[in-house]
Amino acid sequence: MPVALPKVSLGAFPTPLVCLERLSGRLGGPRIYMKRDDLTGLACGGNKTRKLEYLVGDALQQGADTLVTAGAGQSNHCRQTAAAAARFGMECHLLLGGSRPSFVNGNLLLDHLLGARIHWAGDHRKGEDLPELVEQLRQAGRKPYVIPYGGSNLLGAMGFVDAWQELEAQIRDTACNPSHVVFASSSGGTHAGLMAGAARWRRSCDLIGIRIDKEPAGDGDLSDHVLSLASRAAAHLGLGAGFTKGDVVLHPDFTGGGYGVVGEVERGAIRLVAQTEGIMLDPVYTGRAMGGLIAMIRDKRFDGRDQVLFWHTGGTPALFDYAASLAT
Ligand SMILES: *Cc1c(COP(=O)(O)O)cnc(C)c1O
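*Asks:* How do you make sense of the overall build of the chain when you look at a structure like this?
*Replies:* Counting its secondary structure elements, the chain contains 11 helices and 10 strands. Considered along the principal axes of its C-alpha atoms, the chain spans approximately 60 × 55 × 35 Å. Across the 328 residues of the chain, 58% fall into the buried class. A total of about 13500 Å² of accessible surface is found on the chain, and carbon and sulfur atoms cover 51% of it. Between the mean site of the 33 positive side-chain charges and the mean site of the 33 negative ones, the chain shows a separation of 4 Å.

See the structure below:
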């Protein structure tokens with residue numbers, strides 16, 4: 001039996017699993033389901049809630065009183081971390097890329113309302129300056145706990161092993177039986193956890209990550225990072241067989257203008273899903289990933305018996321900060 005990890009409750013689970021009949025009909029492709037992790041319930045929801053249940057559990061067990069993490073100015077991860085800190089009476093320090101905008105909106109507005117202390121890091125949006133900040137906090141008598149970029153370490157990935165278990169129960173109770181699962185992949189924890197979860201419950205379906213960032217993830221390529229995290233999660237679960245590089249599927253064709261740049265692909269996907277299903281996607285991650293799925297359907301990548309599950313990882317508060325590129 002794997003060692004039980006400390007975990008707190010932050011979200012409302014299970015999140016809904018819905019069938020997108022009108023979208024499927026409009027695209028004339030396979031049946032499309034959506035896992036609504038935009039509805040995890042923590043300060044506007046998102047996939048980081050699942051990771052934070054383990055990360056905050058670990059922070060509390062270590063006696064920390066302050067959460068520290070990093071991300072882009074519109075980071076959903078940072079916003080959910082700020083909310084988790086508030087829920088447990090902890091201080092939250094966010095190291096954000098860029099500089100303070102003249103108009104505070106979207107996730108950044110929520111960071112402020114949630115009481116997070118914000119530090120601007122210029123072009124260092126992936127936590128390059130975290131060691132200095134942590135040292136300052138220690139000097140000031142705080143007990144900081146550092147959550148890595150995107151919450152993507154073994155603990156974060158375990159949140160998505162749990163998500164897969166949750167999905168298994170929904171597959172048992174509904175007509176959903178996915179042949180493919182499609183999702184946005186950026187810091188790798190979601191992808192790795194889903195891989196380990198699918199292996200743990202012996203479900204054979206294709207997991208297709210849509211790469212969001214053009215540049216490599218921090219210390220190396222994203223696929224290496226996903227492989228290493230998924231392998232560690234599998235080992236933690238006591239699964240005999242590990243993974244190989246070929247098990248990590250990352251679709252590279254949709255990085256467009258780079259991280260956070262909205263183009264025709266994202267705009268079209270956001271409008272189509274909003275206007276067929278009344279569901280909002282986000283401009284940075286799910287708009288891009290759904291744009292990728294739509295392109296794959298148009299390229300006849302699926303056949304009539306396939307069922308595609310799109311994992312909605314959240315991010316909708318960022319829509320408001322992107323008004324200028326979306327309201328055209
Ligand atoms: C962080 C994030 C992702 C990517 O998840 P990773 O685990 O970092 O790969 C996808 N969608 C949204 C909305 C996110 O905030």
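Still to come is the rest of the account.
*Asks:* Help me understand the side chain of T40 in this model?
*Replies:* Mapped onto the secondary structure, T40 falls in the loop between β2 (31–36) and α2 (48–61). Look at T40 and you get buried, because its relative accessible area is 0%. Here G46 takes part through its backbone nitrogen, which lies 3.0 Å from a polar atom of the side chain of T40. A distance of 3.0 Å separates polar atoms of two side chains, one belonging to T40 and the other to T49. Other than its neighbours up to four places away in sequence, T40 contacts G11, A12, F13, T15, G45, G46, T49 and Q80.

*Asks:* Can you walk me through the site of the ligand in this structure?
*Replies:* Within the structure, the ligand sits among 16 residues, and K48, K51, S187, T190 and T313 are positioned closest to it. With respect to the ligand, the side chain of T190 contributes an N or O atom lying 2.7 Å from an oxygen atom. Broken down by secondary-structure element, the contributors of at least two residues to the shell around the ligand are α2, β7 (180–185) and α7 (189–200). Residue composition of the shell around the ligand, grouped by class: two nonpolar, 12 polar and two charged.

*Asks:* I would appreciate a short explanation of the pairing of β2 in the present structure.
*Replies:* Along a regular strand, successive side chains alternate from one face of the sheet to the other. Within β2, five of the six residues are buried, which leaves it mostly tucked inside the rest of the structure. Bridge count for β2 against strand β10 (residues 307–312) is six bridges, and the pairing is parallel. Along β10, the bridge assignment pairs I32 with V308.

*Asks:* Honestly, the pattern of salt bridges in this entry has me stumped. Any pointers?
*Replies:* Two side chains that carry opposite charge are able to pair once their charged atoms sit near each other. As enumerated under the stated definition, the model contains 15 salt bridges in all. R50 is paired through a salt bridge with E166; the nearest N and O atoms lie 2.9 Å apart. In this pair, R50 is assigned in helix α2 and E166 in helix α6 (residues 154–173), connecting sequence segments 116 residues apart. Both residues of the pair, R50 and E166, belong to the buried class. Between E91 and R117 there is a salt bridge, and its shortest N-O distance comes to 3.6 Å. Of the two residues, E91 sits in strand β4 (residues 91–96) while R117 sits in strand β5 (residues 117–120), which places them 26 residues apart along the sequence. Relative accessible area serves as the criterion here: at 15%, E91 is assigned to the buried category. Each of K35, D37, R50 and E166 takes part in salt bridges that share partners, so that together they form one network.

*Asks:* What is the right way to look at the packing of helix α9 (residues 264–277) against helix α10 (residues 286–298) in this model?
*Replies:* The description of two helices packed together rests on the angle between their axes and the distance between the axes. Here α9 crosses α10 at 85°, and the two axes come no closer than 8 Å. Of the possible angle classes, the one that applies to α9 and α10 is roughly perpendicular. In this structure, α9 uses V265, E266, A269, I270, L272 and V273 to contact α10, whose residues at the interface are G287, R288, M290, G291 and I294. Classifying every residue of the contact of α9 with α10 gives seven nonpolar, two polar and two charged.

*Asks:* Teacher, can you tell me more about α10 here?
*Replies:* A turn of α-helix holds 3.6 residues, and therefore any two residues three or four places apart point the same way. With 13 residues, α10 should cover 18 Å at 1.5 Å per step; its first-to-last C-alpha distance of 18 Å lies within 8% of that length. Of all 13 residues in α10, 11 are buried, a share of seventy percent or more. Three or more residues of α10 are buried, namely T286, G287, R288, A289, M290, G291, G292, L293, I294, M296 and I297. K300 sits one or two residues past α10 and shows a positive phi near 60°.

*Asks:* Can you help me understand the packing of aromatic side chains in this one?
*Replies:* What characterises a pair of aromatic rings is the spacing of the ring centres plus the angle enclosed by the ring planes. Tallied over the entire structure, the rule returns two aromatic pairs. Note on Y259 and Y285: the rings are 5.9 Å apart at their centroids and 75° apart in plane angle, and the pair reads as edge-to-face. Remark: Y285 occurs in the loop between α9 and α10 and Y259 occurs in the loop between β9 (250–251) and α9; sequence separation between them is 26 residues. One residue, K48, lies across the ring of Y285, its end atom 5.7 Å from the ring centre.

How each quantity is defined
- Residues numbered from 1 in each chain as written.
- Predicted model: local features only at pLDDT ≥ 70, side-chain atom pairs only at ≥ 80, totals over all residues.
- Heavy atoms only, no water.
- Helix = DSSP H or I, 4+ residues; strand = E, 2+ residues; numbered from the N terminus.
- Buried < 20%, exposed > 50% of the residue type's maximum accessible area, 1.4 Å probe, protein only.
- Areas by Shrake-Rupley, 256 points an atom, 1.4 Å probe, with all protein chains shown as cover.
- Lys, Arg positive; Asp, Glu negative; His and termini not counted.
- Charge placed at Lys NZ, Arg CZ, Asp CG, Glu CD.
- Polar contact = N/O pair within 3.5 Å; in protein donor to acceptor, adjacent residues only side chain to side chain.
- Contact = heavy atoms within 4.5 Å.
- Near = heavy atom within 4 Å.
- Nonpolar A, V, L, I, M, F, W, Y, C, P; charged D, E, K, R; others polar.
- Pairing = 2+ DSSP bridges.
- Salt bridge = Lys/Arg side-chain N within 4 Å of Asp/Glu carboxyl O.
- Axes fitted to C-alpha atoms, helices over the stretch in contact; angles between N-to-C directions.
- Parallel < 35°, antiparallel > 145°, perpendicular 65-115°, else oblique.
- Expected span 1.5 Å × (residues − 1).
- Phe/Tyr/Trp six-rings, centres within 6.5 Å; stacked < 30°, edge-to-face > 60°.
- Lys NZ or Arg CZ within 6 Å of the ring centre and 35° of its normal.

Interpretation in functional terms is not warranted from these geometric data alone.
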